Structure formats: C-alpha cells, structure tokens
Amino acid sequence: MAEEADTGVSVRTERKALEKAKILQRESERRTFRLVGRVLKKPEAERSEEEAAVLLLHRETVEELCRRQVRSTVLKRKQEEVFDDADQLRSKVRQLADAVKHAKHLVVYTGAGISTAASIPDYRGPNGVWTQLQKGRTVSSSDLSKAEPTVTHMCIKMLHKETLVKHVVSQNCDGLHLRSGLSRQVLSELHGNMFIEVCTSCSPVREYVRLFDVTERTSLHRHGTGRRCSHCGSELRDTIVHFGERGTLEQPLNWKGAAEAANMADVILCLGSSLKVLKKYACLWSMNRPANRRPKLYIVNLQWTPKDDLAVLKINGKCDDVMRLLMEELSIQIPVYDRLEDPIFSLATPLLPEEDDSCTREVIAPPNGQEESLPDCRKQAEEATAVQGGWFGRGYRKGRKKKKAS
Ligand SMILES: [Zn+2]
C-alpha cells in the first residue's frame, strides 16, 4: 500500500519536473530568439566579437529568423499598391485593347476595386474592409446606397452593348453592375446583391428588389431580413454569401451563367479583384486544361494577385483610369450614369405601409426628387456614418469571433 502511494507520488513529481523542464526550455529558446534578433538588427560592421559568436553558436535560430524576415517582406510587398507610369499604362492598355478587339468570347471578372471610386470600401486594399477589421478597427463608411455606378461599370455595360464583352462575373454585392444597366442575363453576382431579398418558400424563388440595403439585420448564417413574402407570408432572406458560406441561390448568383461563360472564354479580364476568393472557384479558371488552351488572362489591379504569374498582362492602375484609356483606344464613348435610366427603379417592389419602419437604411432617391417625402427614421439614418453590419461588417466579424452569449 505504502509502496503504491510512493509510486504515485514519484510519477507525479516526475511529470511535474518534466513540465518544468519544458517551460524552462521554451523560455530559453525565446531568450535566444530575442538575443539573436537583436544582434541581426545591427549592421554587420557594428557587431562585437561576442555578438558574432552568438550568431555562430545559434546558427539554426539565425536561419529561422532570416526565413521569417523573407516571408514578412514578401507579404508586405504583396500588400503594396503599385502604379505603372503614364507611358507604361498607355502601352499596356493598347495591348489590352488589341485583345478585347480580337477576343471571341471576352468575360470580365470584377472585384471591390472597381467600386472604390463610388466610395464603397474595397476588401484588401490599404483602407479595405478586410484590412481594417484585421487591424481591429471598426469600419465606417458613408451610406452605401449613396454609391452610383463608376466609369468602370459604365464602360463594361457599354462594351457588352457593343458585343465585345459576353458575360460579367462579379464578387461585389453593391448592385452597381445591375444599376449601370447591364442585363441580368449576362451578370453573375457570385456573392449576392444587397438590394435583393428573396422568398425561397415560393417556387420558383420570388425576388423582391428594394431601393435600400436589405442586409441591416442579417449576418453570417442569419439571412432573415425581417420582412415577409406578400404571397405566402414566409420570411424573406437576403442573397448575400458570406465568407465560409456556399451560395446556392440561382439568382442573382447565376453560377450557371458564370461557369458557361468561363468555359467558352478565350480572354478573361479581371478588374479590381485581389482574386484571393475568386481563385478558389475552380470552374472559373479552366485549370483542368493544358496551359496553352486556357483563356488568356489580363489583370488590372494595384496590388499583387495570386494569378499574376499566369497573366498575359498585368496592369497596375486604377480601374477607372485603365477603362477610360481602353475606351479611347477602342473609340467607344463612355456613357454617363443617369439616375433616370437606372433599372433599379423599375425593378423595385415598394414596401407596404406596415413595412415602412422595417428599414432604417437610406433609400436610393428616385429620379424625380421625391426624397423629401422620406419618413423621419430614414432621414435620421442618412446622418449615421458607421455601418454596423449586413453584407460586410457584422457578418464578417461573426465569422471570426465566437458568438456572444445572448
Ligand atoms: Zn413566398
């Protein structure tokens, strides 16, 4: 009996000693890393003999720290915005114009970078939503409904009208392609549209286009907007696909159209997308074909993208600048956005009187200047600047933080 107890005690003591030794070792490793790191920061000529000896003694640590340094330099370089100078830009756009003219089936992929001129924050740019949230800052922005289609949106719409662009695949939820007048048949909004809510209980799915951001109450895995279908009474849901969700709605996602377009494409033009998300959608890239039979890739983006090495041409410029030059090369006039022709007003379903207070977001002002008759709650909302959630903010943060106990 006594012997058994002794064994128990000694096992415990042994385990404790082992744990202590491990802790001590980790501490000593950390000390070594700090020491070596300090020495490495000094220029070689300024290092004392002792310090040089430290480096010799801890060669593995030196190598590891150098590897880390390289990794962080590469990462920093990838986040930097690079601009081609005017001559470079002009000559690159000439090449792009040539490709656009001769393409049999040109498909355009767009990301947040094409909407920054409309004061919608992009995701991964220096002031992007993702970058800000990564740094633990809150995202504030002017009300997103104030945004209007940019030069790039209008150029794309025009290029489709001229039959030069066959399909547009967008990761943006801001609805600006639709509002530019681009036909919905040739548009795939892969991550949804912030102005559309749907009833999935109705068959076929019933769509309600609204004149305001429908996502103020929705977030990751919570898509109910609080309003109800006027036909069956079921709760409506937004169409947004958050990080980590799989989008299954036929419209406005239009995956079928996107996949068919990618399959037929001989040229793909990527505008203002970091491609970090798009690259994961295998069907967009024809990677199952040999490299010489894949569509030729043209990328316009200020930052590095994971497809840069596969691109025929990478243009480091702002989308609006590049598109203006492109249209000039093609001798096509850029149409000006006109609110009177914005299709959203004819597509929209007005709220029922009892639903009037179901939305606090600003409503897109109708072209005939009826904004004066907005309910008071919405006028107040116009003054609010911090956007709490919905299609980005809240949904994004829910995905990263553990849910608060409610
Ligand atoms: Zn319904």
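Nothing here was measured: the structure is a model prediction, and the numbers come from that model.

Which parts of the structure should I look at to understand the overall build of the protein chain?
Secondary structure summary: the protein chain contains 12 helices and 10 strands in total. For the protein chain, the proportion of contacts with a sequence separation of at least 24, taken over those separated by at least 6, is 67%.

Would you explain the nonpolar core in this entry?
Side chains of a nonpolar character, in soluble globular proteins, are inclined to be buried together. Ranked by size, the top nonpolar core spans 63 residues in total, and within it V107, V108, V169, I268, L269, C270 and V322 carry the most contacts. No other element matches helix α6 (residues 151–161), which puts six residues into this core.

Looking at this structure, I do not really get helix α8 (residues 255–264). What am I missing?
One full turn of an α-helix is made of 3.6 residues, so residues set three or four places apart face in the same direction. The complete set of buried residues in α8 reads A258, A261 and A262. On an axial view of α8, the arc spanned by its buried residues comes to 100°, and they lie on one face. Buried-residue contacts for α8 involve β1 (106–110), β2 (165–170) and β3 (187–189).

Please clarify how the UniProt feature "binding site: Zn(2+)" (unreviewed entry) in the protein chain should be interpreted in this entry.
When the UniProt feature table is mapped to this numbering, "binding site: Zn(2+)" (unreviewed entry) covers C199, C202, C229 and C232. The annotated residues occupy 34 residues of the chain but converge on a single region, no pair of C-alpha atoms lying more than 8.6 Å apart. Leaving out residues up to four positions away in the same chain, C199 has contacts with V205, R206, C229, C232, S234 and L236. C-beta crowding within 10 Å serves as the criterion here: with 17 such atoms nearby, C229 is assigned to the partly exposed category.

So what exactly am I meant to see when it comes to the pairing of strand β9 (residues 296–300) here?
With four of five residues buried, β9 lies mostly within the body of the structure. By the bridge criterion, three bridges tie β9 to strand β10 (residues 313–315) in an arrangement that is parallel. Across the sheet, V300 pairs through a bridge with I315, a residue of β10.

What's the story with helix α9 (residues 319–330) in this structure? I'm lost.
When the terminal C-alpha atoms of α9 are compared, their 16 Å separation across 12 residues agrees well with the 16 Å that a helix rising 1.5 Å per residue should span. Those residues of α9 that sit buried are C319, D320, V322, M323, L325 and L326. Residues of α9 that are buried in the fold lie against α4 (86–102), α6, β8 (267–271), β9 and β10. Directly beyond the C-terminal end of α9, a positive phi value near 55° is found at S331.

Please explain the sheet that holds β10 as it appears in this structure.
Each strand in a sheet pairs with its neighbour through backbone hydrogen bonds, running either in the same direction (parallel) or in the opposite one (antiparallel). The strand order across the open sheet built from six strands is β3-β2-β1-β8-β9-β10, with neighbouring strands paired in parallel fashion. Lying at the two open borders of the sheet, with one neighbouring strand each, are β3 and β10. The mean inter-strand angle of the sheet, taken between neighbouring strand axes irrespective of direction, is 15°. Where β1 meets β2, five bridges bridge the pair, whose relative direction is parallel. Within β2, the position partnered with L106 by the bridge is V165.

Could you clarify how one ought to interpret the packing of α4 against α9 in this entry?
What describes two packed helices is the angle between their axes and the distance between those same axes. The N-to-C vectors of α4 and α9 enclose an angle of 60°; their axes lie 9 Å apart at closest approach. In terms of axis orientation, α4 runs oblique to α9. As α4 runs across α9, the sense of the crossing is right-handed. Contact residues: α4 offers L89, R90, V93, R94, L96, A97, V100 and K101, while α9 offers V322, L325, L326, E329 and L330. A per-class count over the contact of α4 with α9 returns nine nonpolar, no polar and four charged.

How should I be thinking about the environment of P252 in this particular structure?
Looking at the element boundaries, P252 is found in the loop between β7 (235–238) and α8. The class for P252 is buried, based on 25 C-beta atoms found within 10 Å. Among all residues touching P252, those that are not within four sequence positions of it are E189, G192, N193, I196 and T239.

Explain the packing of α6 against α9 here, please?
As a packed pair, α6 and α9 sit with axes 8 Å apart at the nearest point and diverge in direction by 35°. The chirality of how α6 crosses α9 is left-handed. Residue-level inspection shows V151, T152 and C155 of α6 in contact with α9, the latter providing C319, D320, M323, R324 and M327. For the contact of α6 with α9, the per-class residue count stands at five nonpolar, one polar and two charged.

Before we go on, may I ask you to explain the pairing of strand β6 (residues 224–228) in this structure?
Strand residues, when the strand is regular, have side chains that alternate between the two faces of the sheet. Relative to β7, β6 is paired through two bridges, and the arrangement is antiparallel. Counterpart to G224 in the pairing with β7 is R237. Hairpin remark: β6 followed by β7, antiparallel, with six residues in the connecting loop; positive phi at G233, about 85°.

So what exactly am I meant to see when it comes to the confidence of the model for the protein chain here?
The predicted structure's coordinates, where accompanied by low pLDDT, should not be read in detail. The predicted model of the protein chain averages 86 in pLDDT, with 83% of residues at 70 or higher. Long-range and interchain partners of residues 371–389, a stretch whose pLDDT sits below 50, account for 28 contacts in this model, where long-range means more than four residues apart. Here residues 393–406 scores under 50 on pLDDT; set against residues more than four positions off or in separate chains, the count is 21 contacts.

About the criteria used
Residues numbered from 1 in each chain as written. Predicted model: local features only at pLDDT ≥ 70, side-chain atom pairs only at ≥ 80, totals over all residues. Helix = DSSP H or I, 4+ residues; strand = E, 2+ residues; numbered from the N terminus. Contact = placed C-beta atoms within 7 Å. Core = buried A, V, L, I, M, F, W, Y, C linked by C-beta atoms within 7 Å. Buried ≥ 20, exposed ≤ 12 C-beta atoms within 10 Å, placed from the backbone. Arc of directions from axis to C-beta. UniProt positions renumbered as here; feature names shortened; annotations may be inferred. Pairing = 2+ DSSP bridges. Expected span 1.5 Å × (residues − 1). Axes fitted to C-alpha atoms, helices over the stretch in contact; angles between N-to-C directions. Parallel < 35°, antiparallel > 145°, perpendicular 65-115°, else oblique. Left-handed = near helix turned anticlockwise from the far one by under 90°. Nonpolar A, V, L, I, M, F, W, Y, C, P; charged D, E, K, R; others polar. pLDDT = per-residue confidence, 0-100.

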